[in-house]
Amino acid sequence: MVVPGNTPEYRVQLVGADGRVRRTLARAIEPRRPTRADQERARAQLAERMRSGQGMIRMEVRAGPQGVDRRVSTGGPVAGSTMPRFQAQVRELEFAERIPVIAGLRTDPQGASG
């Protein structure tokens, strides 16, 4: 199953084990433009997740004599001296021209959607 990544329309391609598209499911659901309220809500949600430490990923890669050390963590809450930089980034967020109709899709190992 493939959801084409660069399109906001409702379109899902069912792909066989050989990689060929077997069927395309499409619906006449028109994606809409984000309103100012949508953008402000997204900024507020992001700010709250960052303040609480949720939704943040921190990755460190260090190269040294013993090789490369990689660490990934969920980080922690944004606070202190990093807060002004973070607030500026939230204010400057750019948004897509359309809100995608499909927000997520899951399948089990047998390919059934859930």
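Before any of the text, the structure's been laid out above.
Residues numbered from 1 in each chain as written. Predicted model: local features only at pLDDT ≥ 70, side-chain atom pairs only at ≥ 80, totals over all residues. Heavy atoms only, no water.

**Student:** Outline the pairing of strand β2 (residues 21–26), listing residues and values.
**Tutor:** Across five bridges, the pairing between strand β1 (residues 11–15) and β2 is antiparallel. Counted as the bridge partner of Val12 is Leu25 from β2. From the end of β1 to the start of β2, which pair antiparallel, there are five residues, and Gly19 there has a positive phi angle of about 90°. (Pairing = 2+ DSSP bridges. Helix = DSSP H or I, 4+ residues; strand = E, 2+ residues; numbered from the N terminus.)

**Student:** Tell me what's going on with the pattern of salt bridges, and back it up with residues and numbers.
**Tutor:** If you walk through the whole model with that rule in mind, you get five salt bridges. Residues Asp18 and Arg20 are paired through a salt bridge, measuring 3.8 Å at the closest nitrogen-oxygen approach. By relative accessible area, Asp18 is classed as partly exposed at 46%. Using a relative accessible area of 52% as the deciding quantity, one classes Arg20 as exposed. (Salt bridge = Lys/Arg side-chain N within 4 Å of Asp/Glu carboxyl O. Buried < 20%, exposed > 50% of the residue type's maximum accessible area, 1.4 Å probe, protein only.)

**Student:** Give a detailed account of the side chain of Arg43, specifying residues and quantitative values.
**Tutor:** Here Arg43 lies in helix α1 (residues 36–52). Within the structure, Arg43 has its side chain in polar contact with the side chain of Glu40 (distance 3.2 Å). There is a polar contact of 3.4 Å between the side chain of Arg43 and the backbone oxygen of Arg91. (Polar contact = N/O pair within 3.5 Å; in protein donor to acceptor, adjacent residues only side chain to side chain.)

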